[in-house]
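Remarks on the overall topology
Listed here are the chains, written in short residue letters.
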Amino acid sequence: HCTGAAERGASIVKMLRVVCALFWLGCGWCAGDAACQNTRQHLAALEKTLLLLQRVRQEINYRHTDLALLFRRLEQEGLAAGESFRGLCPPPGLTRPERDCFVECFSGLGCTEAEQECQQLAFYQERFTLFLQQAQEHARPQLELSHKLGFAAGLAAAILCL
């Protein structure tokens, strides 16, 4: 009668160890996925910024749209947030230098002639294109490795549980 209880206790402990190991594998995968999400958010923020710059430049260059009206339209479309271009908030996910560049770009908008505005916007488009290219080069190996490293860390923790 005692050996049956001991066997059941040992099988429960073994089952708990397996559950714990699976838990650590899942945690490792999730940690790797979180790193991927941050990278994807950064790339999406850069792409959104480039889209905004292109749109503003087109509106000023071709349509000579009033900036206040343009800002309200972009706000309705979800491309801009704030009270005006001068107080425009950078999209979440940008790095500190990218946010500074974003603020620098939009805080000066509306101070010069349309042609000069377009030249300035083209300059910032080039800078953000470079930011995006650098981020993509950095992201490629990171996206490939994040899940693998997270899974490996989870596997190591799982082995320790067993």
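Right above here is the structure, for reference.
Residues numbered from 1 in each chain as written. Predicted model: local features only at pLDDT ≥ 70, side-chain atom pairs only at ≥ 80, totals over all residues. Heavy atoms only, no water.

Structural notes on the packing of aromatic side chains
Geometrically, a pair of aromatic rings is defined through the distance of the ring centres and the angle of the planes. Which entries qualify depends on this criterion: Stacked, tilted and edge-to-face are the three classes assigned to paired rings of Phe, Tyr and Trp, where Trp is represented by its six-membered ring and a pair needs centres within 6.5 Å; plane angles under 30 degrees give stacked, over 60 edge-to-face, the rest tilted. Exposed residues in this analysis have more than 50% of their type's maximum accessible area, buried residues have under 20%, and partly exposed residues fall in between, with area computed by a 1.4 Å probe over protein chains only.
Applying the stated criterion across every chain, the model contains five aromatic pairs. Centroid distance Phe123 to Tyr124: 5.1 Å. Interplanar angle 75°. Geometry classified as edge-to-face. The exposure class of Phe123 is partly exposed, given its relative accessible area of 39%. A ring pair is formed by Phe128 and Phe131, whose centres lie 5.3 Å apart and whose planes are at 75°; its orientation type is edge-to-face.

So, the side chain of His42
The test is simple: What counts as a helix is a DSSP run of H or I of at least four residues, what counts as a strand is a run of E of at least two, and both are numbered from the N terminus. Residue contacts follow a heavy-atom distance rule, with two residues in contact if any of their heavy atoms lie within 4.5 Å.
With respect to the helices and strands, the residue His42 is situated in helix α1 (residues 2-63). In this structure, His42 is in contact with Gly93, Leu94, Thr95, Glu98 and Ala135, ignoring residues within four places of it in sequence.

Overview of a nonpolar patch on the surface
The condition is simple: Note on patches: the residues involved have over 30% relative accessible area and no salt bridge, like charges join within 9 Å, and the nonpolar side chains Val, Leu, Ile, Met, Phe, Trp and Tyr join within 5 Å. The method behind every accessible area is Shrake-Rupley, applied with a 1.4 Å probe, and residues are considered shielded solely by the protein chains displayed. By definition, a salt bridge exists where a carboxyl oxygen of Asp or Glu is found within 4 Å of a side-chain nitrogen of Lys or Arg.
Judged by side-chain polarity, Ile12, Met15, Leu16 and Val19 come together as a nonpolar surface patch covering roughly 400 Å² of accessible area. Here Met15 shows up in helix α1.

Let's talk about the environment of Cys20
By the secondary structure assignment, Cys20 is in helix α1. Under the relative-accessibility criterion, Cys20 is labelled partly exposed at 27%. Linking Cys20 and Leu162, residues 142 residues apart in sequence, is a C-alpha distance of 8.4 Å.

Some words on the nonpolar core
Applicable threshold: Within this scheme, the nonpolar core is defined by two criteria: the residues are buried Ala, Val, Leu, Ile, Met, Phe, Trp, Tyr or Cys, and they are joined through side-chain atoms within 4.5 Å.
Formed by 29 residues in total, the largest nonpolar core has its most connected members in Leu52, Val56, Leu74, Phe85, Leu88, Phe106 and Phe128. Of all the elements in the fold, those that place two or more residues in this core are α1, α2 (67-76), α3 (96-107) and α4 (114-161). When residues no more than four places from it in sequence are discounted, the contact partners of Leu52 are Leu74, Leu79, Leu88, Phe102 and Phe106.

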